[in-house]
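Descriptive analysis of the structure
Each chain, letter by letter, is given below.
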Amino acid sequence: MMGKDVEEVSASLVREYLSRKGLKKTIACMDEELPRTNSSINNRSDLRRILHLEGLYKKNKTEEHPLKSMLEMIVKDRMNEGGKTKTRRHGDNQTTSSSSIDTTGNVKREEDCMENLLCDIIVPSQTPSEKLHKSFAVHPESERSMYSLSSSQDSLLTVSKEGFPSEKKVIDTESQKNRSSRIRRGIMAGPIAMHYHFNFLKPLFLISDQSDMTSVLSCLTQALKEIIFGSSMACFTEEWKQQNFTFSDSPGLKYGIVQKKGGPCGVLAAVQACVLQKLLFEESSDDSLEELEVSNVLRTKCLSLALADILWRAGNMKRATVAINTGRSLFPPIGHYKSDGILEMIMYVTVETLDDLTLVLEQHVRQFESGPFGCVLLTVSAILSRTIAIIQSDMDVPTSTLIGAHGYCTQELVNLLLCGRAVSNVFDDEMKLDSGNGNFTLLKGIKARCNIGLLSLFEHYNICKVGSHLKAPKFPIWVVCSESHFSVLFCPSEDLATDHCKEEEFDLYYYDGLANQQEPIRLTVCESHTHKTNSDLIPPLELCIRTKWRNAVVSWNNTDPIL
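From a predicted model like this one, the values you see are computed outputs, not experimental measurements.

Definitions and limits used
Residues numbered from 1 in each chain as written. Predicted model: local features only at pLDDT ≥ 70, side-chain atom pairs only at ≥ 80, totals over all residues. Heavy atoms only, no water. Phe/Tyr/Trp six-rings, centres within 6.5 Å; stacked < 30°, edge-to-face > 60°. Buried < 20%, exposed > 50% of the residue type's maximum accessible area, 1.4 Å probe, protein only. Helix = DSSP H or I, 4+ residues; strand = E, 2+ residues; numbered from the N terminus. Lys NZ or Arg CZ within 6 Å of the ring centre and 35° of its normal. Pairing = 2+ DSSP bridges. Salt bridge = Lys/Arg side-chain N within 4 Å of Asp/Glu carboxyl O.

1. Here's the deal with the packing of aromatic side chains
One pass over the structure, following the stated rule, counts 8 aromatic pairs. Here F236 and W240 contribute two aromatic rings whose centre-to-centre distance is 6.1 Å and whose plane-to-plane angle is 45°, an arrangement assigned as tilted. Residue W240 is classed as buried on the basis of its relative accessible area, which comes to 1%. Taking 5.7 Å as the distance between ring centres and 20° as the angle between the ring planes, the aromatic pair formed by F490 and Y509 counts as stacked. Of this pair, F490 sits in strand 11 (residues 485–490) while Y509 sits in strand 12 (residues 505–511), placing them 19 residues apart in sequence. Residue Y509 is classed as buried on the basis of its relative accessible area, which comes to 14%. Pairwise contacts between aromatic rings join Y255, F490, Y509 and Y511 into one cluster. Stacked on the ring of W549, the Lys or Arg K548 has its end atom at 5.2 Å from the ring centre.

The structure is reproduced here in structure tokens:
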């Protein structure tokens, strides 16, 4: 039996039956009492071959109402054989009642699911009506001849928790919106190649056509590289590869995410701002706000919640996709594509509720916080949550990229993380530019007031105009763009973000993950009409502050000003 003992084959046969019937709770109980092992058979084709059921399987497909599971096929066959034996003994008509084992209704064949599977990318589902969707299609209007994610598709792959694809009948769009994708607890933990563990659904099911899987995933990774870099031959720099969301251990700065090298500062600053939102105003107790001291458990929790907010916002509050590092290559690079050893190892989990998204991120948060490629994983997750096609439509120029020269984040990427849309500008709403002859160019900005704000040195130099949606956010936290670098400015008092707040003096805290800070930087800002006029002598951070508080005078409180 190809090294498979009777118990493993029997258990796999039962699991396949339970999966076909949608008995997910029963499978969960079975997995608890009889855990899967490395010898478990998780591929229907393998199981069918081991049990020599190819002929029976083909015969079943020709039936008017084919049976769902192999166990039912075997039982029906044995019952038919028994009936034939009894008929030969008694000379009766060779007829056997099968009403007890026939199924009714239109059921899709197993081969239909097999043909649709992309790879062993698994999305757990609570309902047995989930099915894989190819979520990208050729984008004919793209000047880069790229493949783009279709906004009409909800997931890269949806497979039941038990590892077998679920049956799905054709449903309308409205029904599809109401599908439940509840993530269940009890996901199996398994080691991967990075010497740490994370809750990871075992790759339980592979498509029968490996070349099709390779082609599909290769197209997806090429599309990702096109929207990120503008070329499928470009690769993530070492600065990006090594960057995750590790927190500082310096006293008073344990809330701060440490940046190792220049490049992905836009992503880090956006995540840092969202983490501070959780820490200061949603998850922390009043006693911890003053000292800005947080526990390791709390900051990790806030990181997972912040990532969930970012991805849920990018998915328009309807869906989100999480990129997870499997630690192994899922397909060999083919075509006009240069491998960087990251995208080839990613699987994708798509969910349709914020609770499910939060649960997935809680289970995999160590990949983002301490594992390799954390920054890349978030970037890819945000792109696929928004979808490539929609990101292209967000941009003023569809061929724009999310990572620019020298590996720096573009404004489109920062806006995607802050407001959920990869627009190219920071002003409010939209702006129409007259192109002559009755034509105009539409420039897209920020549509609504954001949770997190943005201040830019470019506004001081009249290069851009930051609108009130970013300059006056819901929480007193701002990403600061200054000298090709992104950092964070925040106030622990939420009153500063209220419209009626007219404080003449208040404190702001500044954090720069790349500056190797050893202690908090507290700035005292007061309104004055006698501030310095020679901007050459004023630190850039103060100039950014003055774009919001025009007459601000900043005291660095015995800290050396950052020039």
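2. Let's talk about the pairing of strand 5 (residues 320–325)
Counting buried residues in strand 5 gives 6 out of 6 residues, a clear majority hidden from the surface. Burial of strand 5 is two-sided: the residues A320, V322 and I324 facing one way and the residues T321, A323 and N325 facing the other way are all buried. Strand direction decides the pairing type here: strand 5 and strand 6 (residues 346–351), joined by 6 bridges, are antiparallel. Paired with N325 across the bridge in strand 6 is I346.

3. Comments concerning the pattern of salt bridges
Applying the stated criterion across every chain, the model contains 15 salt bridges. Of the charged contacts in the structure, one is a salt bridge between D46 and R49, with a shortest N-O distance of 2.8 Å. A residue pair is termed a helical-turn pair when its members lie 3 or 4 positions apart in one helix, as D46 and R49 do in helix 3 (residues 44–50) at 3 residues. Between K465 and E459 there is a salt bridge; the shortest N-O distance is 3.5 Å. Look at E459 and you get buried, because its relative accessible area is 9%. Via salt bridges that share partners, E16, R20 and R44 belong to a single interconnected network.

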